[in-house]
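Structural characterization, general
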Amino acid sequence: MDPYVLLPATLYPIHKLGLRALRSHMRHFGHIAPEVRQRLFHQEPCAFTADSPARLLSAALGATLYSPATRPRLADDIVKQTGNGVVSMVLCLEDSIDDADVVAGEENLVRQFAALDRAGAEPPLLFIRVRAPEQIPDLVRRLGASARLLSGFVMPKFTEERGLPFLEALATAEAESGRRLFAMPVLESPELLYRESRVDTLEGIARAVDKFRDRVLALRLGVTDFCSSYGLRRAPDMTAYDVQVVASVIADVVNMLGRADGTGFTVTGPVWEYFRVPERMFKPQLRQSPFLEVQAVELREKLIEHAMDGLLREISLDQANGLLGKTCIHPSHVLPVHALSVVSHEEFSDAQDILRPERGGGGVLRSAYTNKMNEVKPHRAWAERTLLRAEVFGVAREDVGFVELLAAGIPG
């Protein structure tokens, strides 16, 4: 199966859906019933729009679903995935399509955006992944009024030298259209991977994105390209962090571009390539007990069958290493990313305690759960990031874990 291809499914033509299915506001877990959200969440995810502040949107990207720009029913796909909880999508004119199909892909994008616009659609955050800087102002002009549905562009193989023309083209398109447009550079070039050129490359990227800081929504990691430079491909029971040459790049990107001192950017997690595993070498990585407790054994088996245990582990490692959100090439990956992005009641309690005004002078306190030390000054940046994540993904009730969130969010 070709990566970037959505699962075959019954699609619902836009004209049959009606405007009731198309919301002007987005919300994580907005596709599940309000009464179910109330049961699951101590604090529900907030509503946001494409016009919300950049800081909020960068945290809210979540699982960004990629799709080839050549799909003939792309507008229907977008509406369907919106109904399944997707809040950000990338429509790809680069590696996911053949070189010979670029012109057809551009023409298809213009048609599909027009179809969404005629239907009065308010889709998820939509980005176009382009190949060349000149495509950016050209596509915005060709989209015309339907450019209102566009949130920005994904810029491949980003370095200072190659990336600045993309960012300058974005500024041109913004000025001509009067629309706010965001950039999401993809960090995937060999110069970034190779040790002898990595620091210089990162410093150059830092200069470029800092110059356009207000328009850089997030930095995306192209781990597949990193692996290709060494003829590597991680297996479904391995994460990106098990491939040491890749893990070292992730660490350095976060070190230089993901700092919490006001100079950093949101860095998103790498793509997970697998949908189904015919045979596995190692034992499944999902413990049985969380699923037994909520009578969800079949869900565990389904996750293991579709390589989701590896995905869940990688999402957890993404978060532990300072990444937020993830590139996804299959709809089944979206809900696991979102479920594990929800802030636990314990995390929320700790973050609130650390950020109380009376704690401004620092100090150490025992957590409300009486199982850890919260040190106010060192943990402040973590607490601030946690409360931002809580705003967009919500806070689970004290007795609700990721299994319940997964089970509740699966489309019926």
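Residues numbered from 1 in each chain as written. Predicted model: local features only at pLDDT ≥ 70, side-chain atom pairs only at ≥ 80, totals over all residues. Heavy atoms only, no water.

What to know about the packing of aromatic side chains
If you walk through the whole model with that rule in mind, you get three aromatic pairs. Both rings, one in Trp 272 and one in Tyr 274, keep their centres 6.0 Å apart while their planes meet at 65 degrees; by these two values the pair is edge-to-face. Here Trp 272 falls in the buried class, since its relative accessible area comes to 1%. Overall, the relative accessible area of 17% leaves Tyr 274 in the buried class. (Phe/Tyr/Trp six-rings, centres within 6.5 Å; stacked < 30°, edge-to-face > 60°. Buried < 20%, exposed > 50% of the residue type's maximum accessible area, 1.4 Å probe, protein only.)

Section: the pairing of strand S8 (residues 267-272)
With six of six residues buried, S8 lies mostly within the body of the structure. Taken together, the two bridges between strand S7 (residues 219-221) and S8 define a ladder with parallel strand orientation. Along S8, the bridge assignment pairs Arg 220 with Thr 268. In the sheet, S8 pairs with strand S9 (residues 326-328) via two bridges, with the strands oriented parallel. Residue pairing in the sheet places Trp 272 in a bridge with Cys 328 of S9. (Helix = DSSP H or I, 4+ residues; strand = E, 2+ residues; numbered from the N terminus. Pairing = 2+ DSSP bridges.)

Some points on the sheet that holds strand S3 (residues 88-92)
Here we have eight strands rolled up into a closed barrel, ordered S2-S3-S4-S5-S6-S7-S8-S9, and parallel in their pairing. Averaged over neighbouring strand pairs, the angle between their axes works out to 30 degrees when direction is ignored. For strand S2 (residues 63-68) and S3, the ladder comprises five bridges, and the chain directions are parallel. By the bridge assignment for S3, Leu 65 is matched with Met 89. (Axes fitted to C-alpha atoms, helices over the stretch in contact; angles between N-to-C directions.)

What to know about the pattern of salt bridges
One pass over the full model with this rule turns up 30 salt bridges. For the salt bridge of Lys 157 with Glu 94, the shortest nitrogen-to-oxygen distance reads 2.8 Å. Residue Lys 157 is found in the loop between strand S5 (150-155) and helix H7 (160-177), and its partner Glu 94 is found in the loop between S3 and helix H5 (102-118); the two are separated by 63 residues along the sequence. A residue is classified by how much of its surface remains accessible, and Glu 94, at 7% relative accessible area, is buried. For Arg 198, the salt bridge is made with Asp 252, and the minimal N-O distance between the two is 2.8 Å. A residue pair is termed long-range when its members are at least 10 positions apart, and Arg 198 in helix H9 (residues 195-211) and Asp 252 in helix H11 (residues 244-257) qualify at 54 residues. Classification of Asp 252 as partly exposed rests on a relative accessible area of 27%. One network of salt bridges, in which partners are shared, links Glu 94, Asp 95, Arg 129, Lys 157, Glu 188 and Asp 225. (Salt bridge = Lys/Arg side-chain N within 4 Å of Asp/Glu carboxyl O.)

Let's talk about helix H6 (residues 135-143)
Turning to H6, its buried residues number three or more, namely Gln 135, Ile 136, Pro 137, Leu 139, Val 140 and Leu 143. Among the structural elements, H5, strand S4 (125-129), S5 and H7 are those in contact with the buried residues of H6. In the stretch just after H6, Gly 144 is the one whose phi turns positive, near 60 degrees. (Contact = heavy atoms within 4.5 Å.)

Some points on the side chain of Thr 64
Here Thr 64 is to be found in strand S2. Of note is the side chain of Thr 64, whose polar atom sits 2.8 Å from the side chain of Ser 88. In this structure, Thr 64 is in contact with Ser 88, Met 89, Val 90, Arg 220, Lys 326, Thr 327 and Cys 328, ignoring residues within four places of it in sequence. (Polar contact = N/O pair within 3.5 Å; in protein donor to acceptor, adjacent residues only side chain to side chain.)

Description of the environment of Arg 179
Its place among the elements puts Arg 179 in the loop between H7 and strand S6 (182-187). Counting along the chain gives 31 residues from Arg 179 to Arg 148, while the straight-line C-alpha distance between them is 7.3 Å. Those residues in contact with Arg 179, other than ones at most four positions away along the chain, are Ala 147, Arg 148, Leu 150 and Glu 174. For Arg 179, the side chain forms a polar contact with the main-chain oxygen of Arg 148, separated by 3.1 Å.

Focus on the pairing of S4
The buried count for S4 comes to five of five residues, which makes it a mostly enclosed element. Burial along S4 is two-sided: Leu 125, Phe 127 and Arg 129 and Leu 126 and Ile 128, pointing in opposite directions, are all buried. The parallel pair S3 and S4, bridged by H5, forms a crossover whose chirality is right-handed. Traced from S4 through H6 to S5, the parallel crossover comes out right-handed. (Right-handed = clockwise from strand over helix to strand, strands pointing away.)

What about the packing of helix H16 (residues 345-354) against helix H17 (residues 376-393)?
Relative to each other, H16 and H17 sit at 125 degrees, their axes nearing to 8 Å. On the basis of the axis angle, H16 is oblique to H17. In the crossing of H16 with H17, the sense of the turn from one axis to the other is left-handed. On H17, the residues touching Glu 347, Phe 348, Asp 350, Ala 351, Gln 352 and Ile 354 of H16 are Val 376, His 379, Arg 380, Trp 382, Ala 383, Thr 386, Leu 387, Arg 389 and Ala 390. (Parallel < 35°, antiparallel > 145°, perpendicular 65-115°, else oblique. Left-handed = near helix turned anticlockwise from the far one by under 90°.)

Side note on H7
Taking 1.5 Å of rise per residue, the 18 residues of H7 would be expected to cover 26 Å, and the 25 Å separating its terminal C-alpha atoms lies within 8% of that figure. Residues of H7 that are buried: Gly 163, Phe 166, Leu 167, Ala 169, Leu 170, Ala 173 and Glu 174. The buried residues of H7 all sit within an arc of 160 degrees when viewed along its axis, so they share a single face. Turned more than 90 degrees away from the buried face of H7, the exposed residues are Glu 161 and Ala 175. Backbone geometry just downstream of H7 places Gly 178 in the positive-phi region, at approximately 70 degrees. (Expected span 1.5 Å × (residues − 1). Arc of directions from axis to C-beta.)

Re unusual backbone geometry
Excluding glycine, a negative phi dihedral is what most residues carry, and trans is how most peptide bonds are arranged. Of note in this structure, Phe 29 is not a glycine but carries a positive phi near 65 degrees. Structurally, Phe 29 can be placed in the loop between helix H1 (14-17) and helix H2 (34-40). You can call Phe 29 buried: its relative accessible area is 2%. Even without being glycine, Lys 157 reaches a positive phi, approximately 45 degrees. With relative accessibility at 28%, the residue Lys 157 sits in the partly exposed group.

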